[in-house]
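The lines below spell out each chain.
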Amino acid sequence: MLPTKCQPQYWHLNKPNMLSHLQIKNLVLIEEMSLSFSPGFNVLTGETGAGKSLIATSLDLLLGKRASSNLVRKGAQEAEVEGIFDIADEPEVKERLQLAGLPDDDELLIRRIIPAEGRHRVFVNGKLASLAVLSQLTEGLASVMGQHEQLDLFENRHQLYLIDGFANHENLVRQMKDAFHGYQLARDSLFELQGKEKDRTSRIDYLRFQLEELIAAAPEMGEVERLEKELSILKHQTTLLETTSRCAEELYESDASIFERLGQLAGSLESLTRFDATLEDDAKQLHEATIIVEEAARNLSAYSQRLDTDPARLDEVQERLETLSKLARKHSISEDDLPKLQADLEQELNELEGFELNEQRLVKECERSRQKALEAARALSESRARAAQTLGKTVSGELADLSFEKAVFSASLDTDENALGDSGMDRAEFTVELNPGEGAWPLRQVASGGELSRIMLAVKRALAGVGPVGTYVFDEVDAGIGGAVAVAVGKKLAIVSEHHQLICISHLPQIAAMADAHFHISKTQKGHRTHTQVMRLESNQRVVELSRMLGGDADNKKMLAAAKELLKTSA
């Protein structure tokens, strides 16, 4: 079973994971589409309404977002989305797969099937899985940043992790967790003890009563097994005595015993060895047999003498076993567990009788561990405060390049010792003031999709390489911009793609020219049906598409030249 929430980790490596392949069937306008993405900057362009945003929708489905049957293409029985993530260097994702009982490999294959009618199905690495498991497995693999999309970045908890990653103080985070864990253990022990105070007197009386019976019985470890063996002997002691005595007599004690006859035979055979030396071994074996017979006879004789023929002993053993059995049934345990029960009850009684001393000791331990946790939290808060200040200035600088010259981004911390937890005592809040005098607003309350996308880009640029997400999908990042700002946005996207795989849906040639891989989405009409198609563009094809985006066509030499120059300067 998976943990309910997989905690983010901090990466400072290049592209921790990526979406290598995406296949879509019968999803709205898409009858069938297959894309193989670059690990860097991927851009999708095409005319409005061609279905570019369905790529973002498809990735949402792979990440566990709930789906509607309205997504199924008209006339089809079901829609299907399949994606392959490269997780070769992702031990945490592989561990999640193992915990979920799913095959773990260097690739994560996710398949969603959305029927027009009936139950939706999820497959992970070929095995059926639930939507909840899928959501947990894919946490941190990708993030779709569309208009008004509620992102992890909006969550206060996630913002705090990003500040920690930006500060690069994993040692302080670890010390905080360890210190708070110690405080939790001490606090839980104190609460447990104090919870027993309410019925302490009645509990002490109960324990004394139970122990009185156990102490009187004095059960011992292994006693039942030992008594059962003795009982078997006592029940059959007449047969045992008669048989062992008879065996001892016939083997050694009677006239013409087996021992005597073997001795005679051994002597006779030994006398023949002067005629045939090969009989020496046989004669020797007969002599050895006499020794074995003699030893067995002595042992059997001693055994028969040891047998206790006292009939009262049989009653004693049976009564003892019955006493232990009744005690075990009373406490719903086995007879072998009675000694442990007695020890546990005695320990609890000692603790209750020494309640005040124990409480004083635990109160001191609880306060000592809390102070240790507070010291760790204060050290962490100081480091976070420095990092948050630097992060705010950095993101504000990034926003200035994205046509928000007066914008002020802040990463603030609200510190409260009463809110002490395993992550410290801070609550993070990212705010932004886009225009002077308008006031700062939490990031989640920024209304405009275009503004929101550019703010997200600025934050991701400042935090490039920090956080677990391997793939970012930007939808409408270029809304409401153009010219030099579009160039700045493209450059920042390119920088982000050095640390994360980037899939960007764009209408701007300045951004498209920056990409490592360029896909063109188009729609055609066959009969009365609309079909969406995708093509990966190579050099000349990219020039034609960029020319179209600049406002020209394939025959406009001036626009084609401008497109070539744009590609050249963006390389």
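Here the structure is a predicted model, which means the values were calculated and not measured.

### A word on the environment of T45
Move 1: Here T45 lies in strand β3 (residues 41-45).
Move 2: Overall, T45 belongs to the buried group, its relative accessible area being 0%.
Move 3: C-alpha of T45 to C-alpha of F404: the two residues are 359 residues apart in sequence and 25 Å apart in space.
Move 4: In this structure, T45 is in contact with K52, S506, A512, H518, F519, H520, I521, E545 and M549, ignoring residues within four places of it in sequence.
Move 5: Polar contacts involving the side chain of T45 include one to the side chain of E545, which spans 2.9 Å.

### Considering the sheet that holds strand β2 (residues 30-36)
Move 1: Strand order in the open sheet made by the 6 strands is β2-β1-β4-β5-β6-β7, with antiparallel pairing throughout. Of all the strands in the sheet, the pair left with one neighbour each is β2 and β7 (127-129). On average, each strand axis in the sheet is inclined to that of its neighbour by 20°, with strand direction left out of account.
Move 2: By the bridge criterion, 4 bridges tie strand β5 (residues 107-115) to strand β6 (residues 121-124) in an arrangement that is antiparallel. Paired with I113 across the bridge in β6 is R121.
Move 3: Where helix α1 (residues 53-62) meets the sheet, it contacts β1 (18-27), β2, β4 (78-86) and β5, and its direction lies at approximately 105° from that of β1.

### Quick word on the packing of aromatic side chains
Move 1: Enumeration according to the criterion identifies 5 aromatic pairs in this entry.
Move 2: For the pair Y472 and F474, a centre-to-centre distance of 6.4 Å together with 45° between the ring planes defines the contact as tilted. In terms of burial, Y472 and F474 fall into one category: buried.
Move 3: Cation over ring: R111 sits above F123, and NZ or CZ is 5.3 Å from the ring centre.

### Some details on the sheet that holds strand β10 (residues 426-433)
One key point about sheets: their strands pair by backbone hydrogen bonds, in either a parallel or an antiparallel sense.
Move 1: Read from one edge to the other, the open sheet built from 3 strands follows the order β9-β10-β11, with strand pairing classed as antiparallel. Looking at the sheet topology across the chains shown, the edges are occupied by β9 (408-415) and β11 (441-442).
Move 2: Looking at chain direction, β9 and β10 are connected through 8 bridges and run antiparallel. Within β10, the residue paired with A411 across the bridge is F430.

### Examining the nonpolar core
Generally speaking, soluble globular proteins have nonpolar side chains that are buried together.
Move 1: Formed by 54 residues in total, the largest nonpolar core has its most connected members in L399, F430 and L493.
Move 2: In terms of residue count, the dominant contributor to this core is helix α14 (residues 449-462) (7 residues).
Move 3: Not counting the four nearest positions on each side in its chain, F430 is found in contact with L153, Q159, L162, I163, L391, F409, S410, A411, W441, P442 and L443.
Move 4: Core analysis: the second largest hydrophobic core is formed by 45 residues, A56, L71, A129 and A517 among them.

### Some thoughts on unusual backbone geometry
Trans is the prevailing form of peptide bonds, just as negative phi is the prevailing case for residues other than glycine.
Move 1: We note that A218 has phi near 50°; this positive angle belongs to a residue other than glycine.
Move 2: You can see A218 is positioned in the loop between α6 (200-217) and α7 (223-235).
Move 3: Residues other than glycine seldom take positive phi values, yet S332 does so here, at roughly 55°.
Move 4: With respect to the helices, strands and loops of the structure, S332 is situated in the loop between α11 (311-330) and α12 (338-353).
Move 5: Residue S332 is classed as exposed on the basis of its relative accessible area, which comes to 67%.

### Observations concerning the environment of L352
Move 1: Mapped onto the elements, L352 comes out in helix α12.
Move 2: With 161 residues separating them along the chain, L352 and F191 place their C-alpha atoms 14 Å apart.

### Focus: the packing of α6 against α12
Move 1: Two elements in contact, α6 and α12, have axes separated by 10 Å at closest approach and are oriented at 145°. Considering the relative orientation of α6 and α12, their crossing is left-handed. Note on element contacts: α12 touches α6 through L338, L341, Q342, L345, E346, E348, L349, L352 and E353, opposite R200, R203, I204, L207, R208, Q210, L211, L214 and I215.
Move 2: The residue inventory of the contact of α6 with α12, partitioned by class, reads 10 nonpolar, 2 polar and 6 charged.

### Here's the deal with the pattern of salt bridges
Move 1: Applying the stated criterion across every chain, the model contains 22 salt bridges.
Move 2: Among the salt bridges present, the one from R384 reaches D164, with a minimum N-O distance of 2.7 Å. Here D164 lies in helix α4 (residues 156-167) and R384 lies in helix α13 (residues 355-400), a separation of 220 residues in the sequence. No difference in accessibility class separates R384 from D164, as the two residues are buried.
Move 3: Within the structure, one salt-bridge network assembled from shared partners comprises D164, R384 and D426.

### Some points on the side chain of N125
Move 1: Within the secondary structure, N125 sits in the loop between β6 and β7.
Move 2: In terms of polar contacts, N125 uses its side chain to reach the backbone carbonyl oxygen of P103, at 2.6 Å.
Move 3: What N125 contacts, discounting residues up to four positions off in sequence, is L97, P103, D104, D105, E107, L108 and L109.

### As for the confidence of the model for the protein chain
Move 1: For the protein chain, per-residue confidence averages 84 on the pLDDT scale, and residues scoring 70 or more make up 91% of the total.
Move 2: Averaged pLDDT values for the elements of the protein chain fall to 74 in α14 and rise to 94 in β9.
Move 3: Low confidence marks residues 1-14, where pLDDT is under 50. Its contacts with residues over four positions away, or in another chain, come to 47 contacts.

### Regarding helix α17 (residues 539-550)
Move 1: Under the 1.5 Å per step criterion, the end-to-end length of α17 is 16 Å for 12 residues, consistent within 8% with the ideal 16 Å.
Move 2: In this fold, the buried residues of α17 make contact with β3, α16 (509-512), β14 (517-526), β15 (529-537) and α18 (557-570).
Move 3: G551, located one to two residues past α17, shows a positive phi value of around 115°.

Conventions used here
Residues numbered from 1 in each chain as written. Predicted model: local features only at pLDDT ≥ 70, side-chain atom pairs only at ≥ 80, totals over all residues. Heavy atoms only, no water. Helix = DSSP H or I, 4+ residues; strand = E, 2+ residues; numbered from the N terminus. Buried < 20%, exposed > 50% of the residue type's maximum accessible area, 1.4 Å probe, protein only. Contact = heavy atoms within 4.5 Å. Polar contact = N/O pair within 3.5 Å; in protein donor to acceptor, adjacent residues only side chain to side chain. Pairing = 2+ DSSP bridges. Axes fitted to C-alpha atoms, helices over the stretch in contact; angles between N-to-C directions. Phe/Tyr/Trp six-rings, centres within 6.5 Å; stacked < 30°, edge-to-face > 60°. Lys NZ or Arg CZ within 6 Å of the ring centre and 35° of its normal. Core = buried A, V, L, I, M, F, W, Y, C linked by side-chain atoms within 4.5 Å. Left-handed = near helix turned anticlockwise from the far one by under 90°. Nonpolar A, V, L, I, M, F, W, Y, C, P; charged D, E, K, R; others polar. Salt bridge = Lys/Arg side-chain N within 4 Å of Asp/Glu carboxyl O. pLDDT = per-residue confidence, 0-100. Expected span 1.5 Å × (residues − 1).

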